[in-house]
Amino acid sequence: MSPRGAVSRVPAALWVLLAAAASAAALWLLRGVPGLEAPRDWLQAHFGFLEQPAGFGISEGWLDFDSGHSYARAFATGVTNTLRAAVPAALLAVALGTMLGIGRLAPHLLVRAVCTAYVETLRNVPLLVQLLMLYFALTHLLPDADAPLRIGPDVWLDKGGLAMPWPVWDGGWWPTGLDRPERTAFGVAGGAALSPEYLAITLGLGLYSAAFVAEIVRAGIQSVSAGQKLAAQALGMRGGQQLRLVVLPQALRLIVPALTNQLLSLTKNSSLAVAVGYPEVVSVANTSLNATGRAFECLAIVMAVYLLLSLLTSAAMGIYNARVALRGWQ
Amino acid sequence: MQKSKPLALAAAAFALAGLLAPAGAHAGKTLDAVKQRGSVKCGVTNGVAGFSAPDTQGRWSGLDVDSCRAIAAAVLGDPQKVEFVPLNAQQRFAALQAGEIDILARNTTWNLTRDASLGVSFTTINYYDGQGFLVPKKLKISSAKQLKGATICTQSGTTNEKNVAEWSRAQGLPVKTVVFESFEASFKAFFSGRCQAFTTDTSALAGLRNKEAPNPDDYVILPELISKEPLAPAVKRGDDEWFAIAKWVPNALIEAEELDITQANVDQLRADSKDPAQQRLLGTGDDLGKLLGLDKDWSFRAIKAVGNYGEMFERNVGAKSALKLPRGANNLWNKGGLLYALPVK
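## Here we look at the interface of chain B and chain A
(1) Moving on: Listed by partner, the interface residues are 34 residues for chain B and 37 residues for chain A.
(2) Moving on: With both sides pooled, the region where chain B packs onto chain A buries about 2,800 Å², and carbon together with sulfur makes up 58% of that total.
(3) Moving on: Here chain B and chain A share 4 salt bridges between them.
(4) Moving on: Between A:E197 and B:R194 there is a salt bridge, and its shortest N-O distance comes to 2.6 Å.
(5) Moving on: Put simply, chain B and chain A have 9 residue pairs in polar contact (both at pLDDT 80 or more) between them.
(6) Moving on: Looking at the side of chain B that touches chain A, the elements with two or more residues in it are α1 (6–20), α6 (159–171), β10 (176–180) and α7 (183–191) of chain B.
(7) Moving on: Here the side of chain B that touches chain A is built from residues that sort into 14 nonpolar, 9 polar and 11 charged.

## Points about the packing of helix α3 (residues 63–76) of chain B against helix α9 (residues 240–258) of chain B
Residue and element names in this part refer to chain B.
(1) Moving on: Packing of α3 against α9 brings their axes to within 10 Å, and their N-to-C directions diverge by 110°. Our classification of the angle between α3 and α9 gives roughly perpendicular. For the pair α3 and α9, the sense of crossing is right-handed. Facing α3, whose interface residues are A70, I71, A74 and V75, α9 presents W242, I245, A246, V249 and L253.
(2) Moving on: Considered class by class, the residues forming the contact of α3 with α9 number 9 nonpolar, no polar and no charged.

## Quick notes on helix α2 (residues 30–37) of chain B
Residues and elements named next belong to chain B.
(1) Moving on: Those residues of α2 lying buried are T30, L31 and V34. Taken end-on, α2 shows its buried residues confined to a sector of 100°, consistent with a single buried face.
(2) Moving on: On its buried side, α2 packs onto β1 (40–44), α3 and α9.
(3) Moving on: Positioned one or two residues after α2, G38 has a phi angle of 80°, which is positive.

## Some remarks on the pattern of salt bridges
Note that side chains of opposite charge can pair when their charged atoms are close.
(1) Moving on: Taken as a whole, this structure holds 20 salt bridges over all chains when the rule is applied.
(2) Moving on: A salt bridge links A:D66 to B:R169; the nearest nitrogen and oxygen atoms lie 3.1 Å apart. With A:D66 in the loop between α2 (37–43) and α3 (71–103) and B:R169 in helix α6, the pair connects residues from two separate chains.
(3) Moving on: The partner of A:E215 in a salt bridge is A:R104, and the shortest N-O contact between them spans 2.4 Å.

## Focus: a nonpolar patch on the surface
Residues and elements named next belong to chain A.
(1) Moving on: There is a patch of nonpolar side chains on the surface, built from W62, L83, V87 and L91 and spanning about 430 Å² of accessible area.
(2) Moving on: Position of L83 among the secondary structure elements: in helix α3.
(3) Moving on: A relative accessible area of 32% means that L83 is categorised as partly exposed.

## Focus: the sheet that holds strand β11 (residues 197–201) of chain B
All names here are of chain B.
(1) Moving on: Strand order in this open sheet of 5 strands is β10-β9-β11-β8-β12, and the pairing throughout is mixed. Because the sheet does not close on itself, it has two edges, and the strands there are β10 and β12 (219–221). In this sheet, neighbouring strand axes are inclined to one another by 30° on average, regardless of whether the strands run parallel or antiparallel.
(2) Moving on: Alignment of strand β8 (residues 131–136) against β11, held across 4 bridges, turns out to be antiparallel. Bridge pairing links G132 to T200 in β11.

Each value, and the rule that gives it
- Residues numbered from 1 in each chain as written.
- Chains lettered and ligands numbered in written order.
- Predicted model: local features only at pLDDT ≥ 70, side-chain atom pairs only at ≥ 80, totals over all residues.
- Heavy atoms only, no water.
- Contact = heavy atoms within 4.5 Å.
- Buried area = accessible area lost by both parts, 1.4 Å probe.
- Salt bridge = Lys/Arg side-chain N within 4 Å of Asp/Glu carboxyl O.
- Polar contact = N/O pair within 3.5 Å; in protein donor to acceptor, adjacent residues only side chain to side chain.
- Helix = DSSP H or I, 4+ residues; strand = E, 2+ residues; numbered from the N terminus.
- Nonpolar A, V, L, I, M, F, W, Y, C, P; charged D, E, K, R; others polar.
- Axes fitted to C-alpha atoms, helices over the stretch in contact; angles between N-to-C directions.
- Parallel < 35°, antiparallel > 145°, perpendicular 65-115°, else oblique.
- Left-handed = near helix turned anticlockwise from the far one by under 90°.
- Buried < 20%, exposed > 50% of the residue type's maximum accessible area, 1.4 Å probe, protein only.
- Arc of directions from axis to C-beta.
- Patch = residues over 30% accessible without salt bridge, like charges linked within 9 Å, V, L, I, M, F, W, Y side chains within 5 Å.
- Areas by Shrake-Rupley, 256 points an atom, 1.4 Å probe, with all protein chains shown as cover.
- Pairing = 2+ DSSP bridges.

Dropping the structure here:
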């Protein structure tokens, strides 16, 4: 047997392609059935509208976008916005979740209690509710746009979010200058800004997923037999060393596959960002399908995007899993 | 303002595909059905102040509600003989198509796509609406042209979202729009101070300011309108007799205002008016009701029930209501507005 992840990811993509082909064939067979209008419409799906100007704005993102740009670029902006929220949220979830998971097994009662309270609170309240609470807490508590809070040189915090200086490139390798945020009539403008919508979805998603990661990490650690820890102690290792050199490497074999699932659902949960006004791919699709009437095409794009992101996540985690898997079992 | 979710849209598409086929098969039957049932079934909103909203006793009022009451008065002789059916935005056209309601009066924008593809016929515009902006007074803005660089909150998937981008481009005023899936989240974000302006149809802005703002006096609606949203009741296509009634009753109410007939003077004018135009509306001149399949007093009863259009407006959305919307485009053509009654003769 070759390392598990390396082979299993090829069939995953293959199965998806097969399922897509089977669905298309079923639609084609159903095209003549009277009363079934939809399949015929779906077969006539065409994506020509993607080249037309979108006609709506997108408030933030890595890509420059204005209403004169095409629907294709709007979707590209939406996808990058999904990544812009999901990737930092995943890093936060894994880092915080690992600490919480270890903390739930800590010898100190207070540490255990705090970690348990965190996990049980956050994983038992629906994510949508948490996002809305976080978002409205942010917009209520942040200072008004006409009285921003200065937290450092050129760093401002107000209801528009966190604004900070950002380097400007003029095509070369090195930044040619700094774009500094400035106060205007409607608050702070310029530089790089993290909007309350972005902060709400990234923090909300990261904090929520961390609770699940904590449980995965705890289960992984508890699966390592107590004798391993005792053996490490007998060799004279300190607590941190026992964990880092003996327990975690073995626990990772259980943690990584379960963590993959968690990261997949984190990416898909990022679609809840539409509720707090963050313009990710579902928000863009929602607007596009109302403007063009091309519901099938827009939903197909959303499905394809999430499928692709999920397969990429699985593939990357598969490679990592192969590295931490038990060796010598060929 | 129109809004739909992807799945709801897909479901509606399925439903419509099935429903469109039998349309037009039962022409001329609605009036008979209404008379036999003894009530007009009127599709309304779940509650939009000034247009159709129930009070604490469950009594409906509003401009759209009065449009239905006028038809009930004309057809059945009693403005109370209306059965109100609350519908959401996605249900409304399907309900009309399926014959669950006789008339849809649910602040619905009349545009080509709906007129040509939904199997419904719009009757007469009862409110000329347009998209506008609500801003906090403390920003000291008096015109939408001063919104350059502002952040604007609105609901996603609506015509409003696209209208504001089109307007920003045409005016060369860059703005940032923050869009939310639900209407409630979008105005809550605005009232929390996240955005410098909120945009939707002006009539809804007025209701929002009165009902949802922490202090209504802290907010002001800017004078500019950036889109056209003509709101009109609609009937199912294929019943020309019913369509004519639904078209001419509101028309008679506008003509009543042109001719200075009011709820207060309608009885007295009926007794002693010598003006043939007034007489036709008051049932003492030529019998026009017969041509609609009604009796001679159809328009007299409608005016007596709800007043002329101007009175309907003032009572529900104008100076005598909580919304206090100006007449503006909804004034008569000879007073600077757009309302022009087709001649009732």
